[in-house]
Amino acid sequence: MFYDLKKKPFFVLAPMDDVTDTVFRRVIAELAAPDLFFTEFVNVDGLQSIGAPALQKRVMFTEVEKPLILQLWGKSPENYYKTALQMRGAGYAGIDINMGCPVKKVVSSSCSGLINNRELAVEIIKATQEGAGDMPVSVKTRLGFNELDYTWHELLLDQKLNMLTIHGRTRKEMSKVPAHWDSIGHIRQMRDDKKLDTLIVGNGDVQNRQHGLELAELHQLDGIMIGRGVFSDPLVFAKNSPWESYTREQRIALYKRHVELFADTWTESERHIHTLNKFCKVYIQAFEGAKELREDLMAANSTDELLEILAVASTPVGHTNEHLL
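*Asks:* Describe the pattern of salt bridges, listing the residues and the values that go with them.
*Replies:* A full pass over the atoms with the stated rule returns 22 salt bridges. When the shortest N-O distance is used, the salt bridge between Glu78 and Lys82 registers 3.2 Å. With Glu78 and Lys82 both in helix H4 (residues 77–86) and four residues apart, this pair spans about one turn of that helix. The closest approach of N and O atoms between Arg188 and Asp192, which form a salt bridge, is 2.6 Å. In this pair, Arg188 and Asp192 both sit in helix H8 (residues 181–193), four residues apart, roughly one turn of the helix. Given a relative accessible area of 7%, Arg188 falls into the buried group.

*Asks:* Tell me what's going on with the pairing of strand E8 (residues 223–226), and back it up with residues and numbers.
*Replies:* Across the two faces of E8 the burial is the same, with Gly223 and Met225 and Ile224 and Ile226 all buried. Relative to E8, strand E7 (residues 199–203) runs parallel, the two sharing three bridges. By the bridge assignment for E8, Gly202 is matched with Ile224. Taken together, E7, helix H9 (residues 209–219) and E8 constitute a β-α-β crossover, and its handedness is right-handed.

*Asks:* Can you break down the packing of aromatic side chains residue by residue, with the values?
*Replies:* Under the definition given, this model contains six aromatic pairs. For the ring pair Trp243 and Tyr246, a centre distance of 5.1 Å and an interplane angle of 50° mean the geometry is tilted. For Trp243, a relative accessible area of 4% puts it in the buried group. Note on Tyr246: relative accessible area 19%, which makes it buried. Taken together, a centroid distance of 5.7 Å and an interplanar angle of 40° make the contact between Tyr255 and Tyr283 tilted. With a gap of 28 residues between them, Tyr255 in helix H11 (residues 248–265) and Tyr283 in helix H12 (residues 277–283) connect regions that are remote in the sequence. Neither Tyr255 nor Tyr283 differs from the other in exposure class; each is buried. Directly above the aromatic system of Trp243 lies the positively charged group of Arg251, at a separation of 4.1 Å from the ring centroid.

Thresholds applied
- Within each chain, residues carry numbers counting from 1 in the order of the written sequence.
- Residues qualify for local features only when their pLDDT is at least 70, as the model is predicted, and side-chain atom pairs are given and counted only at 80 or more; totals for whole chains, interfaces and linings, by contrast, use all residues.
- The side-chain quantities take in all heavy atoms of the structure and omit both hydrogens and water.
- In what follows, salt bridge is the name for a side-chain nitrogen of Lys or Arg lying within 4 Å of a carboxyl oxygen of Asp or Glu.
- A helix here means a DSSP run of H or I that spans at least four residues, while a strand means a run of E at least two residues long, and both kinds are numbered starting from the N terminus.
- Type-normalised accessible area, obtained with a 1.4 Å probe on protein chains alone, sets the label of each residue: buried when under 20%, exposed when over 50%, and partly exposed for intermediate values.
- When DSSP finds two or more bridges between two strands, those strands count as paired.
- Crossover handedness is defined by viewing with both strands directed away from the observer: a clockwise path from the first strand over the helix to the second marks the crossover as right-handed.
- Working definition: a ring pair exists when centres of Phe, Tyr or Trp rings (six-membered ring for Trp) sit within 6.5 Å. Plane angles under 30 degrees give stacked, over 60 give edge-to-face, the rest tilted.
- Definition used: whenever NZ (Lys) or CZ (Arg) falls within 6 Å of the ring centre and also within 35 degrees of the ring normal, the charge is taken to sit over that ring.

By themselves, these observations are geometric and do not establish any function.
Put into structure tokens, the structure is as follows:
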């Protein structure tokens, strides 16, 4: 079975740029792990250039982040082939091709732009499959470019992918409208009509695990991918998330854990310190004084400074740290 995922629906942490790095994946794994992780998307053309060392931060992982899918993007089929070939035996559970990112600067020649360049899309898939060998190959995409277009998904299904993840909006819709889950269900029916083994995963506006289970049952999907929902609840993959009951001290301790992992991992400043600001908004909220504490933390310019602020914030009310006297 693909990725050896024996239970359905399985849950997946979505790939998010400058978010789902090895540090955040480890935090999520410690709290409540999904069944499958994705990396941030990594450019194959960059990986096959002299600038490849700068992209190593995007492909780093530890054992606790497995099973992990490497998500690739780019425009050269040859570079997809070379990258897939290099990644054989590297510890990834599979390779996913990003054909859904709607950001304007990448759409002209790759990602969701491939919806309008189908010949190239097929070349990329075939090159990746050839390079990957026995490693599973999948695609993450959208419902269409400017409008819903099932001919796109029919083409993808015909490529005998191991998995197809559908974000329930078109590229034009970005994230401005609710996800169209009925359309995701229709693509699953297309898969069934073709009698294929391709796993169908739905993505878009999933609030929590229970919501994902309901959507999977309603549309008979194999898997559910959660992206932005993890910002509302970092324990979103737990069967019964305790996040709402987390105390001020627990939330501060969790951010401290994230900062410490960040400091231990990016010892050469591979990631800018202000990358941590978006995570500060995840943990430091829903308690008295959270706004003011966030402002102090987000103005910090080093992990040492962040940890000093968090140490003071962790001091119980009525107690004083002697070293501050």
